[in-house]
Amino acid sequence: MSLYKGKYYLFANWKMYLDYDESNIEANALAVEAKRFSPRVKMAVFPNALSLYPVAQVLRDVDIGVGAQNTHWLDKGGYTGEISAPMFKAAGCEYALIGHSERRHLFSESNDDTQKKMEAVVKNGLTPVLCVGETLQDRRDGKTNDTIEIQLRAALQGLTLPKGRALIIAYEPVWAIGSGESCNPLEAEKEHKNIIRLVRGLLPKIEPIMLYGGSVRPDNALDYLSQPSIHGVLVGGASAKLKTWEEIIYNIK
Ligand code: PGA
């Protein structure tokens with residue numbers, strides 16, 4: 001299987017699936033189980049913003065990271081309803097998702113927005129998890145690589161990562177997210193290789209940690225994790241149920 005520095009990255013995007021109580025219940029259950037997880041598992045959860053602080057408190061001592069699902073690019077100001085990267089950092093976050101396809105497609109986030117968010121997240125001491133991926137139409141038009149290259153160029157060009165800060169990229173084909181229609185693992189591997197090549201061109205010294213996302217389930221997680229350029233998975237629906245999430249975790253021995 002493919003290990004990045006000895007670890008498999010299992011990242012749980014809880015989206016708006018879990019409310020405050022449910023997030024805390026799942027976090028507490030993970031904290032109790034954590035000592036049984038393989039030391040090769042590197043886990044992070046991305047709760048809703050209101051649940052983030054208590055979840056981070058519960059998971060702090062068991063080495064499970066917590067991340068924001070989105071962030072604004074400015075630190076402070078008159079931006080009703082927004083939350084900034086330093087605010088997430090102060091609440092216990094280590095990571096932030098940037099440019100998730102639901103943000104791009106349901107909330108009209110542009111490549112320009114992702115660029116500003118990447119800068120803000122890096123400046124404020126968080127590790128970015130940049131999400132990229134093509135729509136079904138892009139795929140039908142043979143534009144998968146073009147779309148991903150445009151997304152990567154916008155988000156990464158000119159970015160300076162402090163020494164030791166990881167860059168995590170999640171390849172999430174839009175048509176595979178929440179649809180039950182997962183991408184063929186060999187095709188995902190091919191796209192991961194392409195992304196690594198593009199990142200090397202944009203940020204020569206950076207080796208990204210590569211996650212696959214899109215309808216990952218207990219029965220297919222290992223098919224992805226056994227590909228050489230897939231270092232982990234970003235899981236939505238199946239991570240918001242403790243049972244299926246633990247089935248994925250216990251795949252890793
Ligand atoms: P899914 O979502 O696992 O429910 O397809 C993945 C994601 O959106 O990150």
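For the structure, check the block above.
Analysis parameters
Numbers given to residues run from 1 along each chain, matching the order in which its sequence is written. In keeping with the predicted nature of the model, local features appear solely for residues at pLDDT of at least 70, side-chain atom pairs appear and are counted solely at 80 or more, and the whole-chain, interface and lining totals rest on all residues. The side-chain quantities take in all heavy atoms of the structure and omit both hydrogens and water. To pair, rings of Phe, Tyr and Trp, with the six-membered ring standing in for Trp, must have centres within 6.5 Å; the planes then decide the type, stacked if under 30 degrees apart, edge-to-face if over 60, and tilted in the middle. Working definition: helices are DSSP H or I runs of at least four residues, strands are E runs of at least two. Numbering for both runs from the N terminus. Think of it in three bands: residues with accessible area under 20% of the maximum for their type are buried, residues over 50% are exposed, and the middle band is partly exposed, with areas taken using a 1.4 Å probe on protein chains only. Any Lys NZ or Arg CZ that is within 6 Å of a ring centre and within 35 degrees of that ring's normal is treated as a charge sitting over the ring. At least two bridges found by DSSP between two strands is the condition for calling them paired. Angles here are taken between N-to-C directions and fall from 0 to 180 degrees, while the axes themselves are lines fitted to C-alpha atoms, restricted in helices to the stretch in contact. A crossover gets the label right-handed when its path from the first strand over the helix to the second runs clockwise, viewed with the strands pointing away from the viewer. Here roughly perpendicular refers to angles of 65 to 115 degrees, roughly parallel to angles under 35, roughly antiparallel to angles over 145, and oblique to all remaining angles. Contacts were defined at the residue level, with two residues in contact if any of their heavy atoms lie within 4.5 Å. Side-chain classes follow a simple rule in which Ala, Val, Leu, Ile, Met, Phe, Trp, Tyr, Cys and Pro form the nonpolar group, Asp, Glu, Lys and Arg form the charged group, and the remainder, Gly included, forms the polar group. Within this document, salt bridges are pairs made up of a side-chain nitrogen of Lys or Arg and a carboxyl oxygen of Asp or Glu, the two lying within 4 Å of each other.

Going through the model one piece at a time under the given rule, you end up with 7 aromatic pairs. Relative to Phe46, the ring of Phe11 lies with its centre 5.7 Å away and its plane at 45°, an arrangement referred to as tilted. Linking Phe11 in strand β1 (residues 8-13) with Phe46 in strand β2 (residues 41-46), this pair joins segments that are 35 residues apart in sequence. For the residue pair Phe11 and Phe46, the accessibility class agrees, reading buried in each case. On the basis of an interplanar angle of 45° and a centroid distance of 6.3 Å, the ring pair of Phe46 and Tyr95 is categorised as tilted. Within this pair, whereas Phe46 is found in strand β2, its partner Tyr95 is found in strand β4 (residues 95-98), the two being separated by 49 residues in sequence. One exposure class covers both Phe46 and Tyr95, and it is buried. Within the aromatic cluster, the residues linked to one another by ring pairs are Tyr9, Phe11, Phe46 and Tyr95. Taking NZ or CZ as reference, Lys116 lies 4.0 Å from the ring centre of Trp73, over its face.

A separate point is the sheet that holds β2. Sheet architecture is closed into a barrel: 8 strands sit in the order β1-β2-β3-β4-β5-β6-β7-β8, paired in parallel fashion. On average, each strand axis in the sheet is tilted by 25° relative to the strand beside it, whichever way the strands run. Sheet topology places strand β7 (residues 209-213) next to strand β8 (residues 232-235); 3 bridges connect them, and they run parallel. Looking across to β8, one finds that Gly213 is bridged to Leu234.

For a regular strand, side-chain orientation follows a simple rule: the groups alternate between the two sheet faces. Covered by surrounding structure in strand β3 (residues 65-68) are Gly65 and Gly67 together with Val66 and Ala68, the residues of both alternating faces. Strand direction decides the pairing type here: β3 and β4, joined by 2 bridges, are parallel. Its bridge partner lying in β4, Ala68 is registered against Ala96. The β-α-β motif built from β3, the intervening helix α3 (residues 85-90) and the parallel element β4 has right-handed crossover chirality.

Next up on the list: the packing of helix α1 (residues 20-33) against helix α2 (residues 52-59). Two numbers describe how α1 lies on α2: the axes approach to 9 Å, and their chain directions differ by 10°. For the element pair α1 / α2, the angle class is roughly parallel. The residues of α2 that touch α1, namely those facing Tyr20, Ser23, Asn24, Ala27, Asn28, Leu30 and Ala31, are Pro54, Val55, Val58 and Leu59. Residue composition of the contact of α1 with α2, grouped by class: 8 nonpolar, 3 polar and no charged.

Per the counting criterion, the structure on display carries 13 salt bridges. With its nearest N and O atoms 3.2 Å apart, the salt bridge here joins Glu33 to Arg36. Classification of Glu33 as buried rests on a relative accessible area of 18%. Between Arg139 and Glu134 there is a salt bridge, and its shortest N-O distance comes to 3.6 Å. What makes Arg139 partly exposed here is its relative accessible area of 29%. Taking the relative accessible area as the measure of exposure, Glu134 reaches 0% and is therefore buried. Members of the salt-bridge network, linked through shared partners, are Arg103, Glu109 and Lys117.

So, to be careful, I would describe these as geometric facts and stop short of saying anything about function.
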